[in-house]
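Spelled out from the first residue to the last, the chains are:
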Amino acid sequence: MAKVSLRPITRMNLDECISLKVANNQKGFVASNVYSLAQASVNPTYHPFGVYDAEAHYQVNPSMVGFIMYELSDAVGFIVRLMIDEKFQRTGYGRAAMIEVIRRLKLHPEVEQIATSHERKNEAAARLFESLGFVDWEHEELRGEKYSGERYLILQEDTV
């Protein structure tokens, strides 16, 4: 199984993060990294990271394989974004990145729930999240037209 390390987005890796691309058939499923980083720049509850192969940790300039961002707010650790560059998809990096973020979120004592969402048509994300123990989340604030295209999920206790 792939193992990853997460590194903050800095001036040194910003261009690489922005240049990551999903496959053409996934473009409508995830916001661009530029948009995600813009959100993080004005919202201190957002935490963006580059995803790297853990084995490349000792390389001078390892390649970023993806991007992930989570939010800490109201006792929820919410995984806002996950994207793996098209060159590195189907190699286990998405699963490994999710497992690492879940591990990190569990270290925050204020986090009582871990959640995420995906576009309803994104079957690959649905399979990944469900395989990690996420189930549908019926949260009162999530009802209404604003969220009709999204499926919200919450991690069941002690699944990862």
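Structural notes on the layout of surface pockets
Point 1. Within this model, the largest pocket holds a volume of roughly 1600 Å³.
Point 2. Surrounding the largest pocket, 50 residues form its lining, Leu82, Thr116, Ser117, His118 and Phe129 being those nearest its centre.
Point 3. Counting only elements with at least two residues in the lining of the largest pocket, the list comes to strand 3 (64-73), strand 4 (76-84), helix 3 (93-106), strand 5 (113-119), helix 4 (123-131) and strand 7 (150-155).
Point 4. Among the elements that line the lining of the largest pocket, the one with the most residues is strand 4, at eight residues.

Description of the pattern of salt bridges
Point 1. Applying the stated criterion across every chain yields a total of five salt bridges.
Point 2. Notably, a salt bridge pairs aspartate 85 with lysine 87, separated by 3.6 Å at the nearest N-O pair.
Point 3. Taking the relative accessible area as the measure of exposure, aspartate 85 reaches 3% and is therefore buried.
Point 4. Note that arginine 151 and glutamate 130 form a salt bridge whose closest N and O atoms lie 2.7 Å from each other. With arginine 151 in strand 7 and glutamate 130 in helix 4, this residue pair connects regions lying 21 residues apart in the sequence.
Point 5. The exposure class assigned to arginine 151 is buried, which follows from its relative accessible area of 13%.
Point 6. The network of salt bridges with shared partners includes Glu100, Arg103 and Arg104.

Description of the sheet that holds strand 2 (residues 46-53)
Point 1. With mixed pairing, the seven strands of this open sheet are ordered in space as 1-2-3-4-5-7-6. Edge positions in the sheet fall to strand 1 (4-8) and strand 6 (134-136), since each has one partner strand and no second. For this sheet, the mean inter-axis angle between neighbouring strands, taken without regard to orientation, is 35 degrees.
Point 2. Sheet topology places strand 2 next to strand 3; seven bridges connect them, and they run antiparallel. Bridge pairing in strand 3 links histidine 47 to tyrosine 70.
Point 3. In this fold helix 3 packs onto strand 1, strand 2, strand 3, strand 4, strand 5, strand 6 and strand 7, with an angle of close to 160 degrees to the strand it touches most, strand 4.
Point 4. Where helix 4 meets the sheet, it contacts strand 4, strand 5, strand 6 and strand 7, and its direction lies at approximately 160 degrees from that of strand 5.

As for a nonpolar patch on the surface
Point 1. A contiguous nonpolar surface patch, about 210 Å² in accessible area, is contributed by Leu14, Ile18 and Val34.
Point 2. For leucine 14, a relative accessible area of 32% gives the class partly exposed.

Section: the environment of glutamine 156
Point 1. If you trace the backbone, glutamine 156 turns up in the segment after strand 7.
Point 2. Here the alpha-carbon distance between glutamine 156 and histidine 47, two residues 109 residues apart in the chain, equals 22 Å.
Point 3. Those residues in contact with glutamine 156 that lie beyond four places of it in its chain are Gly133 and Val135.

Concerning the side chain of arginine 81
Point 1. Tracing the chain through its elements places arginine 81 in strand 4.
Point 2. A polar contact is formed between the side chain of arginine 81 and the side chain of serine 36, at a distance of 2.8 Å.
Point 3. Among all residues touching arginine 81, those that are not within four sequence positions of it are Val30, Ala31, Tyr35, Ser36, Gln39, Phe67, Ile68 and Met69.

Conventions adopted
Residues numbered from 1 in each chain as written. Predicted model: local features only at pLDDT ≥ 70, side-chain atom pairs only at ≥ 80, totals over all residues. Heavy atoms only, no water. 1 Å grid on protein atoms, 1.4 Å probe; cavity = no way out; pocket = protein on both sides within 12 Å on 5 of 7 lines; lining within 4 Å. Points joined across faces, edges and corners; volume = space filled by probe spheres on them. Helix = DSSP H or I, 4+ residues; strand = E, 2+ residues; numbered from the N terminus. Salt bridge = Lys/Arg side-chain N within 4 Å of Asp/Glu carboxyl O. Buried < 20%, exposed > 50% of the residue type's maximum accessible area, 1.4 Å probe, protein only. Pairing = 2+ DSSP bridges. Axes fitted to C-alpha atoms, helices over the stretch in contact; angles between N-to-C directions. Contact = heavy atoms within 4.5 Å. Patch = residues over 30% accessible without salt bridge, like charges linked within 9 Å, V, L, I, M, F, W, Y side chains within 5 Å. Areas by Shrake-Rupley, 256 points an atom, 1.4 Å probe, with all protein chains shown as cover. Polar contact = N/O pair within 3.5 Å; in protein donor to acceptor, adjacent residues only side chain to side chain.

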